Amino acid sequence: LFDGIYVFYPQQRKSFVFDVSTIIVIIVFLTLACSFLIIIPGIRGRVRLYWLVRVLLSLVVGVVIVAVQYTGDWESGWVTANTSYKSFSHALVNADIGLHIGLAGVNVTLVGNPVNQVNETINYNEHFAWSFDADYDHSYSEGLEKGLPSPILYVAEKFTTQSPCGVHNQYRISGHYASAALWVAFCTWLISNMLFSMPALVYGGYMLLVTGAFMIFSLLSFSTVKNSPMCEIQFGPASLHTGYGGSFWLTLAVGLLCFVVGVTVVALHFFNLDLLKTVFDLHVDEVEECQEMAEVYVNPQFMNNAL
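Residues numbered from 1 in each chain as written. Predicted model: local features only at pLDDT ≥ 70, side-chain atom pairs only at ≥ 80, totals over all residues. Heavy atoms only, no water.

1. A closer look at unusual backbone geometry
Residue proline 114 is bonded to the preceding asparagine 113 through a cis peptide linkage, with omega at 0°. If you trace the backbone, proline 114 turns up in strand β3 (residues 105–117). A cis geometry characterises the amide bond from methionine 198 onward to proline 199, with omega recorded as -5°. With respect to the helices and strands, proline 199 occurs in the loop between α5 (168–197) and α6 (201–223). A positive phi angle is found at valine 118, which is not glycine, with a value near 45°. With respect to the helices and strands, the residue valine 118 is situated in the loop between β3 and β4 (120–129). One non-glycine residue, asparagine 119, lies in positive phi territory at about 65°. Its location among the elements puts asparagine 119 in the loop between β3 and β4. (Helix = DSSP H or I, 4+ residues; strand = E, 2+ residues; numbered from the N terminus.)

Written out as structure tokens, the structure reads:
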């Protein structure tokens, strides 16, 4: 206490959905997309549309694979409750309490209804990392030292290594393997683009299928935490329940998209190769080569001398 006032130390905030790493990834892929849009007017005819669809679709898959590793909404939940605000105080506040779980940590949010209550601004968003290069318990101890609000500490305590819930290692290991599977998916996505440009179209389709498979593997890895019961997070009569968030469903959608595109490419290779070559701008090149060969002139005098 300092003159009867509970001390709260200022600290850096972290967004629960987008952070600096996610923004950097999005900017990089947007730069690539804008660069392609600048040069696309130089592509002739309807091939321009095929190039546009192929490049933008590929960039969407790539940016999703990388970006979802840094988002914090693979699993999320909200609850509105009347709860105590500070330790050693009987003051109650009405607030929205959110829990957002990512592959590398958990974010706990606390937003008052209204924001200004008990002579303070109640708008907190705290990140606790559990990746292999971070110490979750140390982050939680720092939160205790900083004097974070009681609801945030109560939720964060559920994920400590000493908690009776025992979910810390489950989320940590599941997130680690999900992230590893996504990085493998990113590598196979790069290989598929190389094969499409060589061109080895059917093998590029196979690698897209592998990309979708590893994205599904990442979802299966993360969903294994649902096999064990989760501790109740209770605020009076209200309970905080979590469900799969936006990043989980976005990864599922892009993984299924990779399956659809990969199956389409493989099917066209075996049943309609001419259409597949037209989509990848190969059929046109062959026609142009034939036309160029038809316009070759031979010097008779040179041929006679050669003979």
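2. Details of the pairing of strand β1 (residues 75–84)
When β1 meets strand β2 (residues 92–101), the two strands line up antiparallel, connected through ten bridges. Paired with tryptophan 78 across the two strands is glycine 98, which belongs to β2. Where β1 and strand β7 (residues 243–244) come together, two bridges link them in antiparallel fashion. By the bridge assignment, serine 76 is partnered in β7 with glycine 243. (Pairing = 2+ DSSP bridges.)

3. Some thoughts on the packing of aromatic side chains
The relative placement of two aromatic rings is captured by the distance of their centres and the angle of their planes. According to the stated counting rule, one finds 17 aromatic pairs in the structure shown. Measuring from ring centre to ring centre gives 6.0 Å for tryptophan 130 and phenylalanine 159, while their planes differ by 45°; the resulting arrangement is tilted. Of this pair, tryptophan 130 sits in the loop between β4 and α3 (136–146) while phenylalanine 159 is found in the loop between α4 (150–157) and α5, placing the two residues 29 residues apart along the sequence. Each member of the pair, tryptophan 130 as well as phenylalanine 159, carries the same accessibility label: buried. Through a chain of ring-to-ring contacts, the aromatic side chains of Trp74, Phe128, Trp130, Tyr136, Phe159, Tyr171, Phe222, Tyr244, Phe248 and Trp249 assemble into a single cluster. When the ring centre of tryptophan 51 is taken as reference, the NZ or CZ atom of arginine 54 above it lies at 4.4 Å. (Phe/Tyr/Trp six-rings, centres within 6.5 Å; stacked < 30°, edge-to-face > 60°. Buried < 20%, exposed > 50% of the residue type's maximum accessible area, 1.4 Å probe, protein only. Lys NZ or Arg CZ within 6 Å of the ring centre and 35° of its normal.)

4. Quick look at the pattern of salt bridges
Applying the stated rule across the entire model yields one salt bridge. The closest approach of N and O atoms between lysine 86 and glutamate 120, which form a salt bridge, is 2.6 Å. Remark: glutamate 120 occurs in strand β4 and lysine 86 occurs in the loop between β1 and β2; sequence separation between them is 34 residues. The pair formed by lysine 86 and glutamate 120 is uniform in burial state, with each residue classed as buried. (Salt bridge = Lys/Arg side-chain N within 4 Å of Asp/Glu carboxyl O.)

5. Describing the state of the cysteines
For the structure on display, the rule yields one disulfide. With its sulfur 2.0 Å from that of its partner, cysteine 165 forms a disulfide with cysteine 231. Around the S-S axis, the bridge from cysteine 165 to cysteine 231 shows a dihedral of about -130° and counts as left-handed. Highlighted residues: cysteine 165 in the loop between α4 and α5 and cysteine 231 in the loop between α6 and β5 (234–235), separated in sequence by 66 residues. With a relative accessible area of 14%, cysteine 165 lands in the buried category. (Disulfide = S-S within 2.5 Å.)

6. A look at the nonpolar core
Membership of the largest hydrophobic core comes to 67 residues, with the highest contact counts inside it found for Leu99 and Phe159. Per-element tally for this core: the top contributor is helix α2 (residues 47–67), with nine residues. With residues up to four places along the chain from it excluded, the contact list for phenylalanine 159 reads Leu99, Ile101, Val106, Trp130, Tyr136, Val167, His168, Tyr171 and Met230. (Core = buried A, V, L, I, M, F, W, Y, C linked by side-chain atoms within 4.5 Å. Contact = heavy atoms within 4.5 Å.)

7. Considering the packing of helix α1 (residues 20–39) against α2
Helix-helix packing is characterised by the crossing angle of the two axes and by the distance between the axes. Contact pair α1 / α2: the axes reach a minimum separation of 10 Å and the direction vectors enclose 170°. With respect to each other, α1 and α2 are oriented roughly antiparallel. When α1 is examined against α2, the residues Thr22, Val25, Ile26, Phe29, Leu32, Ala33, Phe36 and Leu37 are found in contact with a partner set consisting of Trp51, Leu52, Val55, Leu56, Leu59, Gly62, Val63, Val66 and Ala67. Class assignment for the residues of the contact of α1 with α2 results in 15 nonpolar, two polar and no charged. (Axes fitted to C-alpha atoms, helices over the stretch in contact; angles between N-to-C directions. Parallel < 35°, antiparallel > 145°, perpendicular 65-115°, else oblique. Nonpolar A, V, L, I, M, F, W, Y, C, P; charged D, E, K, R; others polar.)

Purely spatial values, then, with no claim about function.
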